[in-house]
Amino acid sequence: MQSRMEEGKDPAALRTTPSRPFPLRLLQFFLVFLVIGLGASFLSMYMIRHFSIHNVALVQSTLKPCFQQPLTVESWIRPPFSLLHTMNDTELFWRATFVPRIKGYPFKRTPKIAFMFLTKGPLPMAPLWEKFFKGNEKLYSIYVHSLPSYSVDFPPSSVFHRRQIPSQVAEWGMMSMCDAERRLLANALLDFSNEWFILLSESCIPLQNFSIVYLYISRSRYSFMGAVDEPGPYGRGRYDENMAPEINMSDWRKGSQWFEINRELAVRIVEDSTYYPKLKEFCVPHKCYVDEHYFQTMLTIKTPHLLANRSLTYVDWSRGGAHPATFGKDDIKEEFFKKILQDQTCLYNNQPSSLCFLFARKFSPNALDPLLDIATKTLGI
């Protein structure tokens, strides 16, 4: 019996013997793993809650349809916020010649006059023009084309503030001068409200107040561009037979560079690719001066019935020479303006009229102060 008990194990002893302790290092590892796992879970939930919706919205906002439709018609007709765009001439002319096929407008449109200033640099007559434009802000737009090297510095209160368009060098008598005029027209055409377009220089002044100018232009059935079949060396003598068949001798016209045209004619000038190459190649100084012939000839061929065949800008060529007379401070007298404003006869809408000029040039900078002095009494400005 004793030997049996020595050979076996006491069942009671087995039940009361303490178990082997769990390793401490393994327990620590398990706790660290649990803490990391819980931390990662909470962090994942936080990231999903605060960033998932934002990221989805961001992705949705960046994924736009290929042909996104404008929300309203205003998005099509709204003029550019800034005139300093990055389009080159080819892109600009293409964009500017978009023309609706339906003549009526599906929105309230107040027709405006685009005043386009083709300058070398500063606008010495700006204070006079400020008086002219004052109170008529909804009826006009202003565009300035100057030498690229010139930085326009008008205060925010000025009507000329930030009205300079991307410009290039324009040389007298060269096609680059007409390029600048087309550039002005194209930029002005981007505003659907512009219905009439007037080309002016830095030496131009208004001869009437804004109300008279607006009514005179808006009520006219014609655009104002001189286009004369002038015999002699300075007219037909400048024609080159190489311009045919696009331009024949019978089509050749001469006129003042300074014009007022409606929107239809502005589009025709900007879109032209037929007459431009011929005149650029065969109308060159000192034989021919393209700014006196290009638009005049082209519009005579295309739309002669829309031209009044005269300019609204008074210029004095009586002194002779290649350039018109320049008026200084000593010329600014009431008698001088009486000659321009009253001693004239012309046709307006096919009826005789004594109001023939709305603008005049060339005025030197020293004429500004005397002009401001008589602006109210003599010019009604």
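Whatever comes next refers back to the structure up there.
Source: prediction; values computed, not measured. (Residues numbered from 1 in each chain as written. Predicted model: local features only at pLDDT ≥ 70, side-chain atom pairs only at ≥ 80, totals over all residues. Heavy atoms only, no water.)

K.L.:
Where do I start with the packing of aromatic side chains in this structure?
P.N.:
Both the distance between ring centres and the angle between the ring planes are used here to describe each pair of aromatic rings. Enumeration over the complete set of coordinates arrives at 32 aromatic pairs. With a centroid separation of 5.4 Å and 80° between ring planes, the pair formed by Tyr314 and Phe357 is classed as edge-to-face. Residue Tyr314 is located in strand 6 (residues 313-314), and its partner Phe357 is located in the loop between strand 8 (351-353) and strand 9 (359-360); the two are separated by 43 residues in the primary sequence. Through successive ring pairs, a cluster of aromatic residues spans Phe115, Phe117, Trp129, Phe132, Phe133, Tyr140, Phe154, Phe160, Trp196, Phe210, Tyr214 and Phe359. Lying across the ring of Tyr143, Arg163 places its NZ or CZ 5.3 Å from the centre. A cation over an aromatic ring shows up here: Arg263 above the ring of Phe192, its NZ or CZ 5.3 Å from the ring centre. (Phe/Tyr/Trp six-rings, centres within 6.5 Å; stacked < 30°, edge-to-face > 60°. Helix = DSSP H or I, 4+ residues; strand = E, 2+ residues; numbered from the N terminus. Lys NZ or Arg CZ within 6 Å of the ring centre and 35° of its normal.)

K.L.:
Sorry if this is basic, but what is going on with the state of the cysteines here?
P.N.:
One way to say it: the disulfide is the covalent bond shared by the sulfur atoms of two cysteines. Overall, the coordinates contain 2 disulfides when judged by the stated rule. The disulfide partner of Cys283 is Cys288, and the S-S distance across this bridge is 1.9 Å. Judged by the sign of its S-S torsion, about -70°, the bond between Cys283 and Cys288 is left-handed. Here the two residues Cys283 and Cys288 agree in accessibility, since each one is buried. In the chain, the cysteines engaged in disulfides, taken in order along the sequence, are linked 1-2, 3-4. Its sulfur unpaired, Cys178 is 8.2 Å from the next cysteine sulfur, which belongs to Cys283. (Disulfide = S-S within 2.5 Å. Buried < 20%, exposed > 50% of the residue type's maximum accessible area, 1.4 Å probe, protein only.)

K.L.:
Hey, could you run me through the environment of Asp369 in this one?
P.N.:
Looking at the secondary structure, you find Asp369 in helix 13 (residues 368-379). It is 9.5 Å that separates the C-alpha atoms of Asp369 and Met125, two residues lying 244 residues apart in sequence.

K.L.:
How should I be thinking about the side chain of Glu181 in this particular structure?
P.N.:
As for its placement among the helices and strands, Glu181 is situated in helix 7 (residues 175-189). The buried charged residue Glu181 lacks any salt bridge partner; its closest oppositely charged side chain belongs to Arg182, at an N-O distance of 8.7 Å. Side chain to side chain, Glu181 and Gln257 meet in a polar contact 2.7 Å long. Setting aside residues up to four positions removed in sequence, Glu181 forms contacts with Leu118, Leu199, Gln257, Phe259, Asp291 and Phe295. (Lys, Arg positive; Asp, Glu negative; His and termini not counted. Salt bridge = Lys/Arg side-chain N within 4 Å of Asp/Glu carboxyl O. Polar contact = N/O pair within 3.5 Å; in protein donor to acceptor, adjacent residues only side chain to side chain. Contact = heavy atoms within 4.5 Å.)

K.L.:
Explain the sheet that holds strand 5 (residues 260-262) to me, please; I cannot follow it from the model alone.
P.N.:
Sheets are built from strands that pair by backbone hydrogen bonding, the pairs being arranged parallel or antiparallel. One open sheet holds the 4 strands; their spatial order is 2-1-3-5, and the pairing between them is mixed. Every interior strand has two partners, whereas the edge strands, strand 2 (140-145) and strand 5, have only one. The sheet shows a mean angle of 20° between the axes of neighbouring strands, taken without regard to direction. Across 7 bridges, strand 1 (residues 112-118) lies against strand 3 (residues 194-201) in parallel orientation. For Phe115, the partnering residue across the bridge sits in strand 3 and is Ile198. Sheet strands in contact with helix 9 (residues 263-271) are strand 3 and strand 5, and its direction is about 95° off that of strand 5. (Pairing = 2+ DSSP bridges. Axes fitted to C-alpha atoms, helices over the stretch in contact; angles between N-to-C directions.)

K.L.:
Teacher, can you tell me more about the environment of Leu185 here?
P.N.:
Along the chain, the position of Leu185 falls in helix 7. Each C-alpha atom, one on Leu185 and one on Phe93, is 9.1 Å from the other, the two residues being 92 residues apart in sequence. Setting aside its immediate chain neighbours within four residues, Leu185 contacts Met116, Phe197, Phe259, Ile261, Ala266, Ile269 and Val270.

K.L.:
Would you mind showing me how to read the environment of Met249 here?
P.N.:
Tracing the backbone through its elements, the reader meets Met249 in the loop between helix 8 (210-218) and strand 5. Judged by relative accessible area, Met249 falls into the partly exposed class, the value being 32%. Measuring from C-alpha to C-alpha, the distance between Met249 and Tyr239 comes to 6.7 Å, with 10 residues separating the pair along the chain.

K.L.:
Mind showing me how you'd approach the pattern of salt bridges here?
P.N.:
Oppositely charged side chains can form a pair if their charged atoms are brought close together. For the structure on display, the rule yields 10 salt bridges. The partner of Asp229 in a salt bridge is Arg236, with the nearest N and O atoms 2.8 Å apart. Glu264 is the salt-bridge partner of Arg268, the closest N and O atoms lying 3.7 Å from each other. With Arg268 and Glu264 both in helix 9 and 4 residues apart, the pair spans about one turn of that helix.

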